[in-house]
Amino acid sequence: MRFVDLRREVFRLHGEEEYAAALERLQAHAAAFPEHEPIVYFWRMCLRSRVGDMAAVLRLFDEALAKGHWWGDGFLADPDLDAARAALGWAERAAECLRRQQAVAAGPRPEPTIFRADGDPTGLLVALHGWGDTPGAHGAPWRSAAAAGWHVAVPYGSIPETVDAWSWDPGRDAERVPGWVRDIAAELPASRLVLAGFSMGGGLACRVAFEGGVAADGVIAVAPTFRHFGMPWPASPVLRRLPTFVVVGRRDWTLEEISGYAPVLARAGWPVRVEEKPGTYHEFPVDFADVLVEALAWIEEAAE
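Every value quoted in this text rests on a predicted model; they were computed, and no experiment measured them.

Each value, and the rule that gives it
Residues numbered from 1 in each chain as written. Predicted model: local features only at pLDDT ≥ 70, side-chain atom pairs only at ≥ 80, totals over all residues. Heavy atoms only, no water. Helix = DSSP H or I, 4+ residues; strand = E, 2+ residues; numbered from the N terminus. Buried < 20%, exposed > 50% of the residue type's maximum accessible area, 1.4 Å probe, protein only. Polar contact = N/O pair within 3.5 Å; in protein donor to acceptor, adjacent residues only side chain to side chain. Contact = heavy atoms within 4.5 Å. Salt bridge = Lys/Arg side-chain N within 4 Å of Asp/Glu carboxyl O. Pairing = 2+ DSSP bridges. Axes fitted to C-alpha atoms, helices over the stretch in contact; angles between N-to-C directions. Phe/Tyr/Trp six-rings, centres within 6.5 Å; stacked < 30°, edge-to-face > 60°. Lys NZ or Arg CZ within 6 Å of the ring centre and 35° of its normal.

Digging into the side chain of D169
1) Next: For D169, the position within the fold is in the loop between β5 (165-167) and α9 (173-187).
2) Next: Residue classification places D169 among the buried positions, given a relative accessible area of 18%.
3) Next: Polar side-chain contacts of D169 include one of 2.9 Å to the backbone nitrogen of G171.
4) Next: When near neighbours in sequence (up to four residues on either side) are disregarded, D169 contacts S158, I159, R176 and F229.

Below is the structure:
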C-alpha cells in the first residue's frame with residue numbers, strides 16, 4: 001500500500017463517520033511510512049477525539065511533542081479536535097506547538113524541490129503545494145513532467161504548519177510568489193512557463209498567472225480552491241486569458257465551485273479544459289502522472 005492509498009482510505013472512512021474503522025486502518029499501516037509520522041500522529045489524535053478517547057489524544061500529543069513534532073493553529077483548530085481542546089492540559093501543549101512554529105517561521109524558507117528534465121527542456125513547470133503540504137512529498141505527483149522534458153520546481157509556502165509542511169499566506173503571498181517564480185526561472189531557464197498548483201496552491205496559481213504576475217503560458221489547477229486568494233473575475237480587463245487545465249474529483253468538495261467557474265472562464269474567452277475524475281476526493285487522481293503529461297501537451301497546443 002502506498003501512503004496516498006492509505007490517506008484515501010482513511011479519509012473515505014472518516015467521511016462516512018466510520019472513525020473507529022479509520023483508526024484501525026491507520027494504525028495497521030502507519031508504521032510503514034515513518035517519513036509521514038507528524039501527519040499520522042495528527043490523524044490519530046483527530047480520530048481518537050472523534051471516538052471520545054481524550055486520554056489517548058493527550059497521550060499521543062505528548063508522544064509527538066517528545067519526538068520533536070508540532071502543529072500550528074490551522075491544524076489544532078480542526079473540528080475533529082473540538083472535544084479535545086476542552087481537555088485539561090490541551091492549552092499547555094498547544095502553546096508549546098506555537099513556540100516551535102514561531103521558531104521555524106523565524107528561519108529561512110527551505111529551497112524548492114526540483115526535478116530537472118534530461119537534455120534541453122521543453123519548459124518549466126512551477127507547482128504550488130496545497131495547505132499544510134510537505135513540498136518534498138507534494139512534488140512527487142508532478143515528477144512525470146520531468147520525464148516528459150519539463151523542468152519541475154515546487155517552492156515552499158511562507159507559513160510553517162507542522163514539521164516540513166507549509167502553507168501560503170493569503171495576505172501576502174499573491175504579491176510575493178511572482179518574484180519567487182522569476183528566481184526559479186532564472187535558475188532553470190526554458191522557453192515556456194506553466195504555473196500549477198493543488199488546492200490552495202491551485203487557486204493561488206490561477207490568481208498569479210491570470211493577473212500577469214508572471215509571464216505564464218498556461219495553468220494546471222488540481223482541485224483548486226479560491227477561498228483563500230479570491231476568484232479572479234474574468235470580466236476584468238487586466239486578466240490574461242491563458243490555457244487552463246483543471247483536474248477535480250467528482251467527490252471533491254471543490255467540484256461545485258469549479259463547475260460554476262470554468263464555464264464563466266470559457267465564455268470570457270479562456271481556453272479551458274476540465275477533467276472530472278470518478279471516485280476521487282480532494283486529492284491527486286491515481287492516474288495523475290499521465291494526466292499531467294496530457295495537460296502539458298494540451299497547453300502547448302492551445303498556446304500556439
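Topic: the pattern of salt bridges
1) Next: According to the stated counting rule, one finds 23 salt bridges in the structure shown.
2) Next: A salt bridge links D5 to R2, with the shortest nitrogen-to-oxygen separation between them at 2.9 Å.
3) Next: For D5, a relative accessible area of 23% translates into the label partly exposed.
4) Next: The partner of R8 in a salt bridge is D5, with the nearest N and O atoms 3.3 Å apart. Note that R8 and D5 are positioned in helix α1 (residues 3-15) at a spacing of three residues, about one turn of the helix.
5) Next: Classification of R8 as buried rests on a relative accessible area of 17%.
6) Next: Bridged by salt links that share partners, the residues R2, D5, R8 and E283 form one connected network.

Describing the sheet that holds strand β9 (residues 272-277)
1) Next: The seven strands lie next to each other as β1-β3-β2-β6-β7-β8-β9, forming an open sheet whose pairing is mixed. Here the strands that pair on one side only, and so sit at the sheet edges, are β1 (113-115) and β9. Shown here is a sheet whose adjacent strand axes are inclined to one another by a mean of 15°, direction ignored.
2) Next: As paired elements, strand β2 (residues 123-128) and strand β3 (residues 150-154) share four bridges and run parallel to each other. Each residue of the ladder has a partner; that of G123, found in β3, is W150.
3) Next: Contacts from α9 reach β1, β2, β3 and β6 (193-198), with the element oriented near 145° to β2.

What about unusual backbone geometry?
1) Next: Even without glycine at this site, S199 takes up a positive phi of about 55°.
2) Next: Tracing the backbone through its elements, the reader meets S199 in the loop between β6 and α10 (200-210).
3) Next: Positioned with a positive phi, A223 is a non-glycine residue whose angle comes to about 50°.
4) Next: Structurally, A223 is set in the loop between β7 (218-222) and β8 (244-249).
5) Next: By relative accessible area, which is 0% here, A223 ends up buried.

Looking at the packing of aromatic side chains
1) Next: Using the criterion set out here, one finds 17 aromatic pairs in the structure.
2) Next: Between F11 and W43 the ring centres are 5.4 Å apart and the planes differ by 70°, which places this aromatic pair in the edge-to-face class. Placement of F11 in helix α1 and of W43 in helix α3 (residues 37-50) is noted, with a sequence separation of 32 residues between them.
3) Next: Given the relative accessible area of 37%, F11 is considered partly exposed.
4) Next: The exposure class of W43 is buried, given its relative accessible area of 10%.
5) Next: Aromatic side chains F198 and F284 sit 4.8 Å apart centroid to centroid with 20° between the ring planes, which places their arrangement in the stacked category. With a gap of 86 residues between them, F198 in strand β6 and F284 in the loop between β9 and α12 (288-303) connect regions that are remote in the sequence. Considered together, F198 and F284 belong to a single accessibility category, that of buried residues.
6) Next: In textbook terms, an aromatic cluster arises when at least three aromatic residues are bridged by ring pairs, as seen for F42, F61, W71, F75, W90 and W131.
7) Next: Directly above the ring of F11 sits R7, whose terminal nitrogen or CZ lies 4.3 Å from the centroid.
8) Next: Looking at R109, its charged tip hangs above the ring of W180, at a distance of 3.7 Å from the centre.

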